[in-house]
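# Survey of secondary and tertiary structure
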Amino acid sequence: MADANGLFVSFEGGEGAGKSTQIRRLAERLRELGHDVLVTREPGGSPGAEAVRHVLLSGAAEMFGTRMEAILFAAARNDHVEEVIRPALARGTIVLCDRFMDSSRVYQGVTGNLEADYIEALQRVAVNGVIPDCTLILDIPAEIGLERARKRASAVTAPDRFEKEEMQTHEKRREAFLDIAAREPDRCHVVDALRSEDEIAEDVAAIVDRRLGPATNISSARSEAAQ
Ligand code: T5A
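Everything numeric here is computed off the predicted structure, so don't read it as measured data. (Residues numbered from 1 in each chain as written. Predicted model: local features only at pLDDT ≥ 70, side-chain atom pairs only at ≥ 80, totals over all residues. Heavy atoms only, no water.)

### Details of helix 1 (residues 19-32)
Applicable threshold: Each helix is a run of H or I in the DSSP string that is no shorter than four residues. Each strand is a run of E no shorter than two, and both are numbered from the N terminus. The length a helix should cover is 1.5 Å for every residue beyond the first. Throughout this description, buried means an accessible area under 20% of the type-specific maximum (1.4 Å probe, protein chains only), exposed means over 50%, and partly exposed covers the range between. Working definition: the arc comes from the directions between the helix axis and the C-beta atoms, pointing outward to the latter. By the convention used here, residues are in contact when the closest approach between their heavy atoms is within 4.5 Å.
Given a rise of 1.5 Å per residue, 14 residues ought to cover 20 Å, and the 20 Å separating the end C-alpha atoms of helix 1 matches this to within 8%. What helix 1 keeps buried is the set Lys-19, Gln-22, Ile-23, Leu-26, Ala-27 and Leu-30. Looking straight down helix 1, one finds that the buried residues subtend no more than 135° of arc, so they occupy a single side. Those residues of helix 1 that are buried are in contact with strand 1 (7-13), strand 2 (37-41), strand 3 (94-98), strand 4 (134-139) and helix 8 (197-212).

This is the structure in structure tokens:
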């Protein structure tokens with residue numbers, strides 16, 4: 001993270017791994033402890049990026065190729081960073097982001113077959129120094145995650161541009177997220193997402209508490225004192 005007092009936490013992993021569920025639970029917990037929390041997502045999170053989200057997830061950009069999609073993800077990310085994430089961190093807010101730069105490395109880089117140098121060059125411009133302090137990689141076999149996502153999607157919407165790809169591609173993504181975690185152990189934590197929501201939430205809370213350090217206890221004491 002470049003210039004802030006807040007904490008930037010990203011959640012990554014395959015489709016249906018439980019990212020949104022865990023972000024919701026963590027945000028509730030942190031707010032109860034007295035923290036200022038912003039929940040956001042990618043692609044999207046700012047008005048400009050939400051407009052690009054629709055183009056990407058509807059599949060409207062697919063026919064123009066992966067390079068074009070990667071640039072659109074980067075454009076959306078830069079808008080999100082400059083309009084929402086950086087200002088929130090500067091105010092001391094805890095930012096919980098549903099997917100961030102690792103998703104581009106995996107989806108557009110590894111399974112989109114774009115060169116790592118190309119993806120890294122786009123990322124430098126997109127994030128402009130704003131890197132997550134902590135990334136939770138929710139790890140689940142692709143088949144189970146997709147099954148969960150599909151159950152939910154059939155009740156809400158059709159599978160998006162990326163959900164409908166081959167199982168082999170989804171498994172390759174799982175491996176790619178684990179590779180990132182192995183390469184960047186200080187930032188990334190792999191969380192077994194095959195367990196119950198409660199068990200996962202406990203692990204997630206413990207990891208984030210460690211990142212927050214004594215500040216968590218101070219807020220906790222403050223909120224207890226206020227009761
Ligand atoms: N993408 C994104 C790129 O290609 N490049 C990029 O740079 C970026 C940023 C975004 C798509 O864009 C791609 C990746 C994606 O394909 P999205 O609609 O935002 O798409 O979807 P996802 O991020 O994939 O999120 P999903 O909504 O599919 O899954 P989540 O958030 O991981 O899962 P969640 O919490 O919604 O849970 C799914 C279902 O499982 C249940 C939930 O109740 C829900 O019904 N569930 C559990 N069931 C059993 N046990 C548990 N422990 C459970 N936890 C949750």
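### Let's talk about the site of the ligand
Applicable threshold: The cutoff for a nearby residue is simple: one of its non-hydrogen atoms must lie within 4 Å of the molecule or strand. Residues adjacent in sequence count toward polar contacts only when both atoms are side-chain atoms; beyond that, a polar contact is any pair of N or O atoms within 3.5 Å, and within protein one must be able to donate a hydrogen and the other to accept it. In this count, Pro and Cys sit with the nonpolar residues alongside Ala, Val, Leu, Ile, Met, Phe, Trp and Tyr, while Asp, Glu, Lys and Arg are called charged and the others, Gly among them, polar.
Around the ligand, a shell composed of 27 residues is seen, among which Lys-19, Ser-20, Thr-21, Arg-99 and Ser-104 lie nearest. Contacts to the ligand include Ser-20, whose side-chain N or O atom sits 2.6 Å from an oxygen atom. Between the ligand and Arg-148, the relevant distance is 3.2 Å, taken from a nitrogen atom to a side-chain nitrogen or oxygen of the residue. Elements represented by at least two residues in the shell around the ligand include exactly helix 1, helix 2 (47-57), helix 3 (66-90), helix 4 (101-110), helix 6 (142-156) and helix 8. It is helix 4 that provides the largest number of residues to the shell around the ligand, a total of four residues. Among the residues making up the shell around the ligand, the classes are represented as seven nonpolar, eight polar and 12 charged.

### Things to note about the environment of Ser-103
Structurally, Ser-103 is set in helix 4. A relative accessible area of 7% means that Ser-103 is categorised as buried. Separated by 89 residues in sequence, Ser-103 and Gly-14 place their C-alpha atoms 8.9 Å apart. The residues touching Ser-103, leaving out its near neighbours within four places in the chain, are Glu-12, Gln-108 and Phe-177. Of the polar contacts made by the side chain of Ser-103, one reaches the side chain of Arg-99; its length is 3.0 Å.

### A look at the nonpolar core
Applicable threshold: Joining through side-chain atoms within 4.5 Å is the link that ties buried Ala, Val, Leu, Ile, Met, Phe, Trp, Tyr and Cys residues into a set, and such a set is a nonpolar core.
Counting 22 residues, the largest nonpolar core has Val-9, Phe-11, Leu-26, Leu-30, Leu-96, Leu-136 and Val-208 as its most contacted members. The biggest single contributor to this core is helix 8, with five residues. Apart from residues lying up to four places away in sequence, Leu-26 is in contact with Phe-11, Leu-96, Val-204, Ala-205 and Val-208. The next biggest cluster of nonpolar side chains, apart from the first, holds 15 residues, and it includes Ala-49, Val-106, Ala-176 and Cys-188.

### Digging into the side chain of Ser-10
Relative to the helices and strands, Ser-10 is located in strand 1. Discounting chain neighbours no more than four positions away, the residues touching Ser-10 are Cys-97, Phe-100, Pro-132, Cys-134, Thr-135 and Leu-136.

### Focus on a nonpolar patch on the surface
Operational definition: Exposure above 30% relative accessible area and the absence of a salt bridge qualify a residue for a patch, where like charges join within 9 Å and nonpolar side chains (Val, Leu, Ile, Met, Phe, Trp, Tyr) within 5 Å. In these tables, accessible area is a Shrake-Rupley quantity obtained with a 1.4 Å probe, and a residue counts as shielded only by the protein chains included in the view. Definition used for salt bridges: Asp or Glu carboxyl oxygen within 4 Å of a side-chain nitrogen of Lys or Arg.
Together, Met-63, Phe-64 and Met-68 make up a nonpolar patch on the protein surface, roughly 360 Å² of accessible area in all. One can find Met-68 in helix 3.

### Considering the sheet that holds strand 4
This is how it is decided: Pairing between two strands requires that DSSP report at least two bridges joining them. What counts as an axis is a line fitted to C-alpha atoms, over the stretch in contact for a helix, and the angles between N-to-C directions run from 0 to 180 degrees.
One open sheet accounts for five strands, arranged 2-3-1-4-5; its pairing is parallel. Bordering the open sheet on either side are strand 2 and strand 5 (188-192), each of which pairs with just one other strand. In this sheet, adjacent strand axes meet at a mean angle of 20° when their direction is disregarded. Two elements, strand 4 and strand 5, share five bridges in a ladder whose sense is parallel. Within strand 5, the position partnered with Leu-138 by the bridge is Val-191.

### A look at the pattern of salt bridges
Taken as a whole and assessed by the stated rule, the structure comprises 17 salt bridges. The salt bridge partner of Glu-120 is Arg-105, with a shortest N-O separation of 3.1 Å. Within this pair, whereas Glu-120 is found in helix 5 (residues 116-127), its partner Arg-105 is found in helix 4, the two being separated by 15 residues in sequence. On the accessibility criterion, Glu-120 (28% relative accessible area) is partly exposed. The class of Arg-105 is buried, set by a relative accessible area of 15%.

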